[in-house]
Amino acid sequence: MQKEVKYEMKLLSSLAKVFQDETPVYRPECLKLSALWGETVSFQAAYTGDYFMRERLEVRVLSPIEKQVRVRTVEQVPVGRATNRIVDDNYLKTTSGLYPDLLRDLKDNKVIVCSHQWRSLWIDVEVTEEIEAGDYEIEIQLVKEAEVVCSGVMKITVIPAALPKLGIMHTEWLHADCLADYYHVEVFSEEHWKLLENYFHEYVHRGCNMMLVPLFTSPLDTAVGLERTTTQLVDVYVKDGEYQFGFDKLERWVKLCKACGIEYYEMSHLFSQWGAKYAPKVVAVVDGKEEKIFGWHTPAVGEYTRFLHSFLPALIEKLREWDIAGVTYFHISDEPREEHLESFKAAKESLGNLLDGFHTFDALSSYEFYRHGLIDKPIPGNNEIEEFLSHGLKDMWTYYCTGQFYEVSNRFMSMPSARNRIYGLQLFKYDIVGILHWGYNFYNSQFSIEHINPYEVTDSGNAFPSGDPFLVYPGSDGHPEESIRMMVHYEALTDLRALRLLESLTSKEYVMELIEGELCEPLTFKRYPKSDMYLITLRNRVNREIGKRMSEGKQD
């Protein structure tokens, strides 16, 4: 019979990843935590026990600001494809297995302690202006039969300054069809609208401010000849060969976006992915009967051109009526390559001047599309943006996805969280005005051949490195469950906001000296510091500088 049961807790930063078979390293240099008003800051408490069976222990939080503290468990999820095979020296692991990622609210305020396994609690502190400036302690305890068996005390310093709003555009493609498919509800039923509202709120809460609008069913990541669940906001009618449109569902979508805090709108792609050779799927009521009038069977240029010349003026009239025309962007086709130059050009030219006055933007890798005037706002990957910058382009967008796996920042589960968070500094240095990612909640296999359960399949059926297809998990209560990657990406954006605030109090040069002053070479998208300590100490220094200068300003 086991006589003495031992428990242990280690406080860790939000940038640590705790694998159940590895003992985490306590790093005091990473545990000085400070915050500004208007942000959520996070840390972790790793724990283990050696009882021969698993146990359910109570979690207690003791703090004068405990009402602003949220505790979640970090759950391990299955990773099949950890990498794209070619890797650099900045990965945690490259093998399949269980990885820490899913963040789940406590049930009955209890946590499972697994014998001889390390797990962690994720602790968020929502720093509102109700919290006075100063130092606070937060004690995390594990309690067994009314006895504290292990604990840790974190200190946080609240700086008397409010973060400014995010100054860039940020879109993570939210796939409305995937929500209907996963929850088994009819598209745009009341149940679906409620799900959308839940996801929109969370989307905005973590720093997203631009929403993809599914005018017609998404042509993204769809195998030629196959199709995704019909998700079409615009009603289309064909009577005597003429097109008519209904915008009621689209208006409801826009109103919901506004109510949730969305500031910018991106219309879904007008042509098929990887070449703009075909029309997207469009369903219409033709002389009283519903049928698919466009799709893989119809070329991009032809009758679909006549359709667009009828549809786009009607749409633009509505965008102006709803007062969002000035914050609306249009996509032509996603990720065209250089061999698609002619088909993309033909598709773009078929629009004539219909989109005059609007920005067009698309994820692409070739500068040639911009050189030929085919795109107004190119969105190169962060591994390819340097070519665009070298040509003197300003006000750039950038993105990453499965293809940005070598040297540059990204958020695969197999990567250290610092590789995710460094993005904020890079966006600041290069004055990036917008960022895009394709997978907020892509719950399909590659090419949308089948639906997947993201709790069981995190790599779209071994197609992409786990962590690329989605940021949130579909909670059983109809609300999204967040991930480590979501929270660290949010931290990158709050870093950016803090840097902009300090810049407004000093100068860009001053802030860049803080960022690069102790580095042996300039920060770029491919070369950057990789330690957790660098990011945490830099942010603390930025916060101190902000507090100091705000205080000096009040004295003046």
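Preceding this section is the structure that the text describes.
The rules behind these values
Residues numbered from 1 in each chain as written. Predicted model: local features only at pLDDT ≥ 70, side-chain atom pairs only at ≥ 80, totals over all residues. Heavy atoms only, no water. Helix = DSSP H or I, 4+ residues; strand = E, 2+ residues; numbered from the N terminus. Expected span 1.5 Å × (residues − 1). Buried < 20%, exposed > 50% of the residue type's maximum accessible area, 1.4 Å probe, protein only. Core = buried A, V, L, I, M, F, W, Y, C linked by side-chain atoms within 4.5 Å. Contact = heavy atoms within 4.5 Å. Pairing = 2+ DSSP bridges. Axes fitted to C-alpha atoms, helices over the stretch in contact; angles between N-to-C directions.

Focus on helix α4 (residues 303-321)
Residue pairs three or four apart in sequence face the same way in an α-helix, which turns once every 3.6 residues. In a regular helix each residue adds 1.5 Å, so 19 residues correspond to 27 Å; α4 covers 28 Å between its end C-alpha atoms and thus fits that length. All of the buried residues in α4 are Y304, T305, F307, L308, F311, L312, L315, I316 and L319. In the stretch just after α4, D323 is the one whose phi turns positive, near 65 degrees.

Some thoughts on the nonpolar core
Among the nonpolar cores identified, the biggest contains 149 residues, and W253, F307 and F311 are the most heavily contacted of them. Considering every element that reaches this core, the biggest residue donor is helix α10 (residues 484-505), with 11 residues. Sequence-distant contacts of F307, defined by excluding residues within four places in its chain, comprise F216, V236, Y243, F245, V282 and F294. Counting 33 residues, the second largest nonpolar core, distinct from the first, contains W37, V127, I131 and I140.

A word on the sheet that holds strand β18 (residues 328-330)
Spatial ordering of the open sheet is given by β12-β15-β18-β19-β20, a layout of 5 strands whose pairing is parallel. On the outer flanks of this sheet lie β12 (210-213) and β20 (377-379), each paired with one strand and no other. Going across the sheet, the axis of each strand differs from the next one's by a mean of 30 degrees, ignoring polarity. Bridge count for strand β15 (residues 264-267) against β18 is 3 bridges, and the pairing is parallel. Pairing of E266 across the sheet is with Y329, part of β18. Sitting on the sheet, helix α3 (residues 248-260) is in contact with β12 and β15, with an inclination near 165 degrees to β12. Together, β15 and β18 form the strand contacts of α4, whose direction differs from that of β18 by roughly 160 degrees.

Topic: unusual backbone geometry
Phi is positive for H184, close to 60 degrees, though the residue is something other than glycine. Residue position: H184 is located in the loop between α1 (176-183) and α2 (190-205). Accessibility expressed as a relative area gives 72% for H184, which makes it exposed. Here D287, not a glycine, exhibits a phi torsion of approximately 50 degrees, which is positive. With respect to the element layout, D287 can be found in the loop between β16 (282-286) and β17 (289-294). In this structure D287 comes out as exposed when scored by relative accessible area, which is 59%.

Details of the pairing of β16
Within β16, 4 of the 5 residues are buried, which leaves it mostly tucked inside the rest of the structure. As paired elements, strand β13 (residues 235-239) and β16 share 2 bridges and run parallel to each other. For Y237, the partnering residue across the bridge sits in β16 and is V285. Inspection of the sheet shows β16 paired to β17 by 5 bridges, in the antiparallel sense. Opposite V283, over in β17, you have K292 as the bridge partner. Hairpin geometry of β16 and β17 is characterised by an intervening segment of 2 residues between the two adjacent antiparallel strands and by a positive phi of about 50 degrees at D287.

Geometric values such as these leave the question of function open.
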